[in-house]
Amino acid sequence: MSAVKQKRMLFVGGLVENITEADFQAAFIKFGDIKGVSIPREKGDTLGYGFVEFETADDCKEAMFNMDGAELFNRTINCAPARPMKVTTQKGIWESENQEKE
């Protein structure tokens, strides 16, 4: 994730399991133009968090300031700047065994 995109991306935790992308976007649109929303799901339910990407970093900051600790569908949500995912590489067990023999 680029540094510019990162400043426009907001992490939102504490979401209800059945929130829709439309409801999620509607809760944040009042703070500025939204480029997109993402709600990771498993078996149809959310994992309890989502991301909002704003057109500008200032809109993202405004949303975070106003929505952190707010209630959304009777749940208190938390908002923070999104951080890039840490990519980890895992070696197969056969790779470890081959290195030990060398």
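Our structure is the block above this text.
Everything quoted here is computed from the prediction, not taken from an experiment.

(A) Representation of the sheet that holds strand β5 (residues 49-54) within the structure. Taken in spatial order, the four strands line up as β2-β5-β1-β8 in an open sheet, and their pairing is antiparallel. Of all the strands in the sheet, the pair left with one neighbour each is β2 (34-38) and β8 (78-81). Taken pair by pair, the neighbouring strands of this sheet meet at an average axis angle of 20°, ignoring direction. Across five bridges, strand β1 (residues 9-13) lies against β5 in antiparallel orientation. Each residue of the ladder has a partner; that of Val12, found in β5, is Gly50. Of the strands in this sheet, β1, β2, β5 and β8 are in contact with helix α2 (residues 21-28), which crosses β2 at around 135°.

(B) Looking closely at the environment of Phe73. Structurally, Phe73 is set in the loop between β6 (71-72) and β7 (75-76). The spatial distance from the C-alpha of Phe73 to the C-alpha of Asp23 is 9.7 Å, given a sequence separation of 50 residues.

(C) The environment of Cys79, seen in detail. Along the chain, Cys79 turns up in strand β8. Taking the C-alpha atoms as reference points, Cys79 and Asp68, separated by eleven residues in sequence, lie 4.7 Å from one another. The contact partners of Cys79, leaving out residues within four places of it in the chain, are Leu10, Phe11, Val12, Phe28, Met64, Met67 and Asp68.

(D) Focus on the packing of aromatic side chains. Inspection of every chain in the model, using the stated rule, returns four aromatic pairs. A ring pair is formed by Tyr49 and Phe51, whose centres lie 5.9 Å apart and whose planes are at 85°; its orientation type is edge-to-face. Relative accessible area serves as the criterion here: at 27%, Tyr49 is assigned to the partly exposed category. Members of the aromatic cluster, joined through ring pairs, are Phe11, Tyr49 and Phe51.

Procedures and definitions
- Residues numbered from 1 in each chain as written.
- Predicted model: local features only at pLDDT ≥ 70, side-chain atom pairs only at ≥ 80, totals over all residues.
- Heavy atoms only, no water.
- Pairing = 2+ DSSP bridges.
- Helix = DSSP H or I, 4+ residues; strand = E, 2+ residues; numbered from the N terminus.
- Axes fitted to C-alpha atoms, helices over the stretch in contact; angles between N-to-C directions.
- Contact = heavy atoms within 4.5 Å.
- Phe/Tyr/Trp six-rings, centres within 6.5 Å; stacked < 30°, edge-to-face > 60°.
- Buried < 20%, exposed > 50% of the residue type's maximum accessible area, 1.4 Å probe, protein only.

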